[in-house]
Amino acid sequence: MMDSRERVKEALNFNEVDFVPVIPPFQGFWALMAAGYKISETFREPMKGAHAQMAMLEKAPFDGFEVIWDWLSPVEACGCKVNVPDDGNPITMERVVKTIDDAEKLQIPDIGKHARSVSDFEVARTLVDKYGKSHYTYATLALPFTLAGELRGVEALMLDILKKPQLVHRLLDFSSKVLLEYAKAVKETGVDAIFWCDPTASADLISARHFKAFAVPYIKGLVAKTKEMGLGAFLHICGNTTDRLDSILEISPDLMSVDTKVDLANAKILDKRVALMGNVNTSNLLLKKPTEIIAEAKECISKAGRIGYALGAGCDIPIGSPLENVRALWDAPRQ
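Here the structure is a predicted model, which is why all the values come from computation and not from measurement.

Cut-off values and rules
- Residues numbered from 1 in each chain as written.
- Predicted model: local features only at pLDDT ≥ 70, side-chain atom pairs only at ≥ 80, totals over all residues.
- Heavy atoms only, no water.
- Helix = DSSP H or I, 4+ residues; strand = E, 2+ residues; numbered from the N terminus.
- Rg over C-alpha atoms; globule rule 2.2 N^0.38 Å.
- Buried < 20%, exposed > 50% of the residue type's maximum accessible area, 1.4 Å probe, protein only.
- Contact = heavy atoms within 4.5 Å.
- Areas by Shrake-Rupley, 256 points an atom, 1.4 Å probe, with all protein chains shown as cover.
- Axes fitted to C-alpha atoms, helices over the stretch in contact; angles between N-to-C directions.
- Parallel < 35°, antiparallel > 145°, perpendicular 65-115°, else oblique.
- Nonpolar A, V, L, I, M, F, W, Y, C, P; charged D, E, K, R; others polar.
- Pairing = 2+ DSSP bridges.
- Right-handed = clockwise from strand over helix to strand, strands pointing away.
- Phe/Tyr/Trp six-rings, centres within 6.5 Å; stacked < 30°, edge-to-face > 60°.
- Lys NZ or Arg CZ within 6 Å of the ring centre and 35° of its normal.
- UniProt positions renumbered as here; feature names shortened; annotations may be inferred.
- 1 Å grid on protein atoms, 1.4 Å probe; cavity = no way out; pocket = protein on both sides within 12 Å on 5 of 7 lines; lining within 4 Å.
- Points joined across faces, edges and corners; volume = space filled by probe spheres on them.

### Here we look at the overall build of the chain
Here comes step 1: Across its full length, the chain carries 15 helices and nine strands.
Here comes step 2: Whereas a compact globule of 335 residues would reach a radius of gyration of roughly 20 Å, the chain reaches 19 Å, a difference of no more than 12%.
Here comes step 3: Taking all 335 residues of the chain together, the buried fraction comes to 58%.
Here comes step 4: Residue pairs at least 24 apart in sequence account for 72% of intrachain contacts in the chain once pairs closer than 6 positions are excluded.
Here comes step 5: Only carbon and sulfur atoms are counted for the fraction: they give 49% of the accessible area of the chain, which is about 13500 Å².

What follows is the structure, encoded as structure tokens:
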């Protein structure tokens, strides 16, 4: 029988596997609360976050899992004020780019002096040291369009696309440089891959035309740099990405994670060029029963096939999802 890391690597290479690998894709924040910690508590004492992931991985096994889940850390490092609640994901409270002049004053942060980022890397190394030989590990990072939206404000960024496109490109160029520095630091933790996420580039927010003009060039650049560093390059974009799967082929990540709105049968346009992952409904993980999760997971496997595919949720595993539902993701391929 394959171990978890081997199973993921074979799937990425479009080889046969004993079981379809299971990748959350994003379990970090769910695991903190499922293990009994307040999220704010784990930011004050980061190693509690590592212990939470260890505890939950034993109960809800994954073949691959995220060892850095604090995707707003670069936002804070760039000067924004970020609130970390007790029981929810961090939220950007104050933006640093309120005018064009603010954009011109932006400086690449010294990651080594940003305590929160340093803690994230320490946690990642701890988890990689323990699981890196047996499991596939990755760090979750935002992509430039999403980081620019946090620095500027998403609504303002949407208006800038129409009225100030040069400002948008300036922010995207800056964001790319920041995230490349994070990618270099992430490589030093020993992870297998970077999971690049672009929720603000969702079809719910921008058209396929604007996606190609403002997001694709910068995603493509970071994906290429990730591969050059010898890391796997995974990609997730929230919402229905069916109308931009041709762009995903151009970007050429190693794996594409699709949200629940995407029919896996349609996503097979990526077949044997980009591995596919998804896409059990996240709301169902929170609200349904394990038997229903297993049935939905089996349907996903039936649509996607067993080659070049990893089973996972459509996006983040919701905080508060019952352990038995999350465990059902692991059980499904074995049934």
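Next comes the rest of the write-up.
### Some details on the packing of helix α9 (residues 154-163) against helix α10 (residues 165-187)
Here comes step 1: Contact geometry for α9 and α10: axes closest at 6 Å, N-to-C directions at 125°. When the axis of α9 is compared with that of α10, the two are oblique. Counting all contacts with α9, which are made through Leu157, Asp160, Ile161, Leu162 and Lys163, the residues of α10 involved are Pro165, Leu167, Val168 and Leu171.
Here comes step 2: Residue composition of the contact of α9 with α10, grouped by class: seven nonpolar, no polar and two charged.

### Re the pairing of strand β7 (residues 255-258)
Within a regular strand, side chains alternate between the sheet's two faces.
Here comes step 1: Across the two faces of β7 the burial is the same, with Leu255 and Ser257 and Met256 and Val258 all buried.
Here comes step 2: Relative to β7, strand β6 (residues 232-237) runs parallel, the two being bridged by four bridges. Bridge pairing in β7 places Leu235 opposite Met256.
Here comes step 3: Note on the crossover from β6 through helix α12 (residues 245-251) to β7: the handedness is right-handed.
Here comes step 4: With three bridges connecting them, β7 and strand β8 (residues 275-280) associate as parallel partners. In the strand pairing of β8, Leu255 is matched with Ala275.

### Digging into the packing of aromatic side chains
Here comes step 1: In total, this model carries eight aromatic pairs according to the counting rule given.
Here comes step 2: Ring geometry for Phe29 versus Phe43: centroids 6.4 Å apart, planes at 10°, classification stacked. With Phe29 in helix α2 (residues 28-34) and Phe43 in helix α3 (residues 39-44), this pair connects stretches of sequence that are 14 residues apart.
Here comes step 3: Phe29 sits in the buried class, given a relative accessible area of 6%.
Here comes step 4: Classification of Phe43 by relative accessible area gives partly exposed; the value is 22%.
Here comes step 5: The aromatic ring of Phe211 is capped on one face by Arg244, whose charged end is 5.0 Å from the ring centroid.
Here comes step 6: The lysine or arginine in question, Arg334, covers the ring of Trp330, its NZ or CZ lying 3.4 Å from the ring centre.

### Focus: the UniProt feature "domain: Uroporphyrinogen decarboxylase (URO-D)" (unreviewed entry) in the chain
Here comes step 1: Following the UniProt record, one finds the feature "domain: Uroporphyrinogen decarboxylase (URO-D)" (unreviewed entry) at residues 4-333.
Here comes step 2: When the span residues 4-333 is considered, its composition is 50% helix and 14% strand, and the gap between its end C-alpha atoms is 13 Å.

### Some points on the layout of surface pockets
If a probe the size of a water molecule is rolled over the atoms, the empty space left behind becomes visible.
Here comes step 1: Its boundaries defined by the atoms lining it, the largest pocket holds a volume of some 320 Å³.
Here comes step 2: Around the largest pocket, the lining is made up of 20 residues, and of these Phe26, Trp71, Asn89, Cys315 and Asp316 lie nearest the centre.
Here comes step 3: Residue assignment for the lining of the largest pocket shows that the elements contributing at least two residues are α2 and β4 (136-142).
Here comes step 4: Classifying every residue of the lining of the largest pocket by side-chain character gives 14 nonpolar, four polar and two charged.

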